[in-house]
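# Topology and contacts: notes
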Amino acid sequence: MRRERLWWCWLAVGSVATAAYYLLPSDGLASNLGYDAIGLASTALILIGVRLHRARRPAMWYLFAAGQLTWVAGDLVWEYYMYVLDREPYPSPADYFYLSAYPMLVAGLVMLMRGRTGAGRDLTALVDAAIVAVGLGLVFWVFVMHPIAADSTASAFERAVGVAYPAADTLLLAMLARFYTGMGARSRSIRLLGAAALLLLVADIAYALMELYSDADEGILDAGWLMSYVCWGAAALHPSMRTAGTAPERTLGARVGRSRLVLLAVCSLLAPALLFLPGIGSDHVDRLTVAGGAVVLFLLVVVRMSGFVKQVQHQADLLEDLAMADDLTGLANRRRFEHALRTALAAGQTQVALLDLDDFKGVNDRLGHGVGDELLTVIARRLRAALRPEVLVARMGGDEFALLMPGETDAGADRIVARLADTLNAPVSAGEHELLVGASIGVTGADGTDDPYEVLRRADVAMYAAKAAADRPRRYAAELDERSDEQARVGAELRTALDAGQFRVVYQPIVALPTGRTVAVEALVRWDHPEHGLVPPDRFIPAAERNGLIVELGEWILRTACAQAVEWRAQHGVLAPARMSVNVSARQLAEPDFAALVARVLEETGMSAGSLTIEVTETAVFGGGQAVQTVQDLHDLGVRIALDDFGTGHSSLGLLQTVPVDVLKVDKSFVDSITMAGRHAVIATALIQVSAGLGLKAVAEGVETAEQAAELHRLGYELAQGYHFGRPVAEPSFLVPHMSGSTR
């Protein structure tokens, strides 16, 4: 118990001794000897503390004690010159002792820092400390070090010694910056060490400033040095000193507190701020020093930001883990399935089956979505129970499931899906209903291809063939590719449709939450076929991309949308949507002169670049190359870039490191179940936090109900889009808030 109380007893005694010091005649021998006594006591107590508490890193404490003793030796030498020789030389041998103490203290602090963080750990705190040290060090140079170095009345040796003191203080400043920007939990002993070093630094800086700019009595600063002595000793007497320099920091999280952020911002701006001070701009040395410091600060900020990017990537990896499972059924989702399929194709033979429930929409319409969801859950359980563990089962979306059978033969896969079809024909209990739900199953191998999307396409073709024939599972064969023939016919008609003006541009509002005010619109294309009526985009866009007509069609859509935006602005002024979003395909981005085309359209229509948003999919820019360069060129024009269907493509958040993005359009799949607790709510929350951290806007897509809109606003989303706010039409009503609409 006595050992635990020694530190505060010394703290109290030392504080009283410091106060008593000022009762003695100033500059007298008694006051100087009292000053020395406190320093010697601090040195002795450090050594006692090492023995008493069995410090695990005694070398660190011996360095602190050596520093105190060296200072006391310097004081004794100076007093010998003053009181015995009656001289006050400068520099004197005492200065050698004073300056020699700093490296010992700094070395001890280095051991403390390395022991607490481990070599190479906590780079973020190290960079933050460097930013603080460089920023404050520049101020120290301008106001203390340079005036001393530029003093023409002193000899070169005197100036060198004079500069050595603030230089040593700058080194001490760097260590304190590292100490106080670290994110670890500090023991009482470590906090006392920090206080001791801080008191020393403050007293040194105040002394230097008073010497240069004031005639005031510096004796008041002795309190700072004396209390520094006291804190060194108290730190060694506290029981927690035993583990000081050995216990690793407990990371408190990656968040940067507001005070720390303000400190870093202020220190980063000190260099340019100093250039505005009178006399700095005309002083060549100060100007060069401040410029060099500004460069160092810039590089440190770049390093700090790279660390932030790595942190975001780590969060991206966590989000990917969350995004690999279907929230409703617990099965793998499309994203995980595609990854696994790519791996299986690289390993060798594999089989894939796609399964689509028959008349699932009718179940939803007749019995409600709750029964439909329960049906999907029961089907998922049946699939898992009927298949071997090595078969990956995934819900691809809606009522579509997929099976991945690595290493399986054609015959083996056919037997598996045949048994599966029989299993699914059994009645399903969902709610209070007994349902008979069949399934259309298509199966394929990977003969002649290693492209996962081609394998899925073949399975899809086989599945729709099974659905059309309403018979047993179908295996893919080349003759089933009549869909390709249909696409060829559609492609041939596209040329005529474009020339005949059969395409229409419709606009869907993007609204602000919670008001529902239209702040932007997205331009979408529709084909008004003279015989077949409105043809959905998924029927003709793939054909247009395949035959290259998407480039010409895309230019027409872009020009039409920009002209419409300008017309609305002229008619409605500030009530018109502030921005127009236009979708761009991968084929368009591959055109080297696409950015120049956009610039030309903007100039011809009179629309500002900042009012245009180009939406690109993750798949379109995943491969890099010309597509990413085109996006960069568009961004350089001032056009905003939106990443569409975010979270469903390749390496979602990883693309943010290579593609300049302003807007994230969060995919509808994350919004559908936003009102229910689960992975989608967690992912949606994480995405809005990441977008806010990166300074990006997030738009929630596919909002169909008021409940979804309210929940999204609660999570922090400011922008949303979906049928709840309005369907795509040629003339949207954006003069009033869109807070209602179809929920289907």
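Everything below is about the structure printed above this text.
In this text the structure is predicted, and so the values were computed from the model without any measurement.

## As for a nonpolar patch on the surface
- Together, L29, L33, Y80, Y83, V84 and L85 give the surface a local cluster of nonpolar side chains, amounting to about 540 Å² of exposed area.
- Ranked by residues supplied to the nonpolar patch, first place goes to helix α3 (residues 58–84) with three residues.
- Relative to the assigned elements, V84 resides in helix α3.

## Comments concerning unusual backbone geometry
- The amide bond that connects Y90 to the next residue, P91, takes the cis arrangement and shows omega of -5°.
- Residue P514 is reached from L513 by a cis peptide bond, and omega for that bond is 5°.
- Tracing the sequence through the fold places P514 in the loop between β9 (503–512) and β10 (518–529).
- Phi at R54 is positive, roughly 55°, even though this residue is not glycine.
- Along the chain, R54 falls in the loop between α2 (29–53) and α3.
- The exposure class assigned to R54 is exposed, which follows from its relative accessible area of 65%.
- Notably, D86 is not glycine yet its phi reads approximately 55°, a positive angle.
- With respect to the element layout, D86 can be found in the loop between α3 and α4 (93–117).

## A word on the packing of α2 against α3
- It is at 9 Å that the axes of α2 and α3 come closest, and there the two elements cross at 165°. By the angle class used here, α2 and α3 are roughly antiparallel. Crossing handedness for the pair α2 and α3: left-handed. Contact residues: α2 offers L29, N32, L33, Y35, D36, G39, L40, S42, T43, I46, L47 and V50, while α3 offers P58, W61, Y62, F64, A65, Q68, L69, V72, D75, L76, E79 and Y83.
- Its residues assigned to classes, the contact of α2 with α3 comprises 16 nonpolar, five polar and three charged.

## Some details on the nonpolar core
- Counting residues in each nonpolar core, the largest one holds 82 residues, and the members touching the most others are M580, L612, I614 and Y717.
- Ranked by residue count, the leading element in this core is helix α18 (residues 549–572), at nine residues.
- In contact with M580, other than residues within four places in its own chain, are Y507, V521, A523, A561, A565, W568, M607, S611, L612 and T613.
- Membership of the second largest hydrophobic core comes to 55 residues, among which are V161, L221, Y229 and A235.

## A word on the side chain of E79
- Residue position: E79 is located in helix α3.
- Put simply, E79 is tucked away with no salt bridge, and the nearest opposite charge, on R87, sits 16 Å away.
- In contact with E79, not counting residues within four places along its chain, are N32, L33, D36 and V84.

Procedures and definitions
- Residues numbered from 1 in each chain as written.
- Predicted model: local features only at pLDDT ≥ 70, side-chain atom pairs only at ≥ 80, totals over all residues.
- Heavy atoms only, no water.
- Patch = residues over 30% accessible without salt bridge, like charges linked within 9 Å, V, L, I, M, F, W, Y side chains within 5 Å.
- Areas by Shrake-Rupley, 256 points an atom, 1.4 Å probe, with all protein chains shown as cover.
- Salt bridge = Lys/Arg side-chain N within 4 Å of Asp/Glu carboxyl O.
- Helix = DSSP H or I, 4+ residues; strand = E, 2+ residues; numbered from the N terminus.
- Buried < 20%, exposed > 50% of the residue type's maximum accessible area, 1.4 Å probe, protein only.
- Axes fitted to C-alpha atoms, helices over the stretch in contact; angles between N-to-C directions.
- Parallel < 35°, antiparallel > 145°, perpendicular 65-115°, else oblique.
- Left-handed = near helix turned anticlockwise from the far one by under 90°.
- Contact = heavy atoms within 4.5 Å.
- Nonpolar A, V, L, I, M, F, W, Y, C, P; charged D, E, K, R; others polar.
- Core = buried A, V, L, I, M, F, W, Y, C linked by side-chain atoms within 4.5 Å.
- Lys, Arg positive; Asp, Glu negative; His and termini not counted.

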